[in-house]
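# Inside the fold
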Amino acid sequence: MKAAYIEQAGPPENIQFGELPTPEPQAGQVLVRVNAVSVNPVDTYIRGGANYWPLPSPFIIGCDLAGVVEKAGPGATRFKPGDRVWGTNQGLMGRQGTFAEFCAVDEHWLYATPDNVDDQTAAACALVGVTAHLGLVREARLQAGESIFVHGGTGGVGSMVVQMAKALGARVLTTAGSDKKAAIAKELGADQVVNYKTQDVEAAVKSFAPDGVNVFWETLREPNFDQIVGYLAERGRIVLMAGRDARPPFPVGPFYVKECSLHGLVMFKASPDELRACADDMNRWVSEGKLKSQIGQVLPLSEAAEAHRLQEANTLHKAGTLAGKIVLTN
Ligand SMILES: NC(=O)c1ccc[n+]([C@@H]2O[C@H](COP(=O)([O-])OP(=O)(O)OC[C@H]3O[C@@H](n4cnc5c(N)ncnc54)[C@H](OP(=O)(O)O)[C@@H]3O)[C@@H](O)[C@H]2O)c1
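All of these numbers come straight from a predicted model, not from anything done at the bench.

On to the overall build of the protein, then. What the protein contains, in helices and strands, is 9 helices and 16 strands. Relative to the 2.2 N^0.38 estimate, which gives 20 Å for 330 residues, the radius of gyration of the protein is 20 Å and therefore close to what a compact globule would have. Every one of the 330 residues in the protein was classed for burial, and the buried ones make up 49%. Pairs at least 24 residues apart make up 72% of the contacts formed inside the protein by residues separated by at least 6 positions.

Laid out in structure tokens, this is it:
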């Protein structure tokens, strides 16, 4: 089968596109014929040599996939050949990734793709969607009528947070780095969008939520806690999920006096049952049209190295040339 893989961690040029043996589904696995995958920042960190866990060699890159079950392995009962499925959390914790024609996946990481949802949408919503759901529902316990601020309303995670917060009945304020991106964030349902390059974010927060926002979702890798705590209402919750190397100062006094709380998460530590709870809501919202993918670029799988360059230029180097997800197709 064709696959995008690395034999050694390093720059995007280390990604090879070529033939690897088609995997055989093991106990509890199904073999998925992959139609669409999407790129996440974590793919670039792992490819670059982030030492989170030992990698198989060769290592097929990528976490997200959508496609059709080709074959069920021994004891796999949830799906049968021909079923459309999507999933995430592959290429992580030492598992092989998804950027290939076929992928053998433990069936507990897969979900049925609704009939009215295409594979590109399913792949684009996967990792970023479960991350947003874990943060909003399991961690922040966002309630209808509450307000939330999220940085980057057209980003991979940010665009999911905007839409899911609306689906949960909250009021959403978000940022965008251009007027074009601000218009996209509005279309995704944000109640208010502030262009952080040309407008005063603090003034926007004050007019949107005079007593402060109930939840602050940080997508940036270097949070400014003085600012964040200043934006929060009493008993406000902060969701953190980026910036492994960040060591910013923290305003202890203002934080505890407001009785705020801090919630960190990484999606790959969620259990199969926790992720399935996210996927159930996502499937419902996406088939009802409440959750849309925000796809910024579609490329063939053979251009995986270029896709990594584009993702890195934006997430790490803030190029601002991407709005949402990069999807690759077989
Ligand atoms: N913990 C987890 O489980 C988990 C899961 C997924 C992702 N992550 C991490 O979360 C981070 C975001 O991931 P992603 O996929 O959403 O990345 P992304 O698609 O690259 O989005 C980054 C966003 O940040 C915005 N941004 C950049 N500089 C900004 C600034 N100064 N002020 C306001 N907004 C700014 C960008 O907005 P503009 O384009 O408008 O500038 C963009 O929307 C990454 O570090 C990733 O590794 C963690």
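Following the structure, the description resumes.
One ladder, built from 6 bridges, connects strand S3 (residues 29–38) with strand S5 (residues 65–72); its direction is antiparallel. Bridge pairing links alanine 36 to alanine 66 in S5. Sheet topology places S5 next to strand S6 (residues 84–87); 4 bridges connect them, and they run antiparallel. When the sheet's bridge partners are listed, valine 68 is paired in S6 with arginine 84.

Here we come to the domain arrangement of the protein. Where the parts come together, the accessible area they lose is often given as the size of the interface. Structurally, the protein comprises domain 1 (2–113 + 294–329) and domain 2 (131–267). Each of domain 1 and domain 2 has a C-alpha centre, and these two points are 29 Å apart. Counting residues at the interface gives 6 residues for domain 1 and 8 residues for domain 2. Looking at the side of domain 1 that touches domain 2, its residues break down into 1 nonpolar, 4 polar and 1 charged.

Below, the discussion takes up the sheet that holds strand S11 (residues 192–195). The pairing of strands in a sheet comes from backbone hydrogen bonds and takes either a parallel or an antiparallel form. Read from one edge of the open sheet, 6 strands run S11-S10-S9-S12-S13-S14, paired in parallel fashion. Each having just a single partner strand, S11 and strand S14 (261–264) make up the two edges of the open sheet. When strand polarity is set aside, the average angle formed by the axes of neighbouring strands in this sheet is 20 degrees. The pairing of strand S9 (residues 147–150) with strand S12 (residues 213–218) spans 3 bridges and is classified as parallel. Paired with isoleucine 148 across the strands is valine 215, a residue of S12. Its contacts with the sheet put helix H3 (residues 156–167) on S9, strand S10 (171–176) and S12, and the angle it makes with S10 is roughly 165 degrees. Lying over the sheet, helix H4 (residues 179–187) contacts S10 and S11, oriented at roughly 165 degrees with respect to S11.

With that settled, the discussion passes to the site of the ligand. Among the 30 residues in the neighbourhood of the ligand, the closest are listed as Gly152, Gly155, Gly156, Gly177 and Met241. Among the secondary structure elements, those contributing two or more residues to the shell around the ligand are helix H1 (41–48), helix H2 (119–139), H3, S10 and helix H9 (304–315). The class makeup of the residues in the shell around the ligand is 13 nonpolar, 14 polar and 3 charged.

What counts, and at which threshold
Residues numbered from 1 in each chain as written. Predicted model: local features only at pLDDT ≥ 70, side-chain atom pairs only at ≥ 80, totals over all residues. Helix = DSSP H or I, 4+ residues; strand = E, 2+ residues; numbered from the N terminus. Rg over C-alpha atoms; globule rule 2.2 N^0.38 Å. Buried ≥ 20, exposed ≤ 12 C-beta atoms within 10 Å, placed from the backbone. Contact = placed C-beta atoms within 7 Å. Pairing = 2+ DSSP bridges. Domains from an automatic or database assignment. Nonpolar A, V, L, I, M, F, W, Y, C, P; charged D, E, K, R; others polar. Axes fitted to C-alpha atoms, helices over the stretch in contact; angles between N-to-C directions. Near = placed C-beta within 6 Å.

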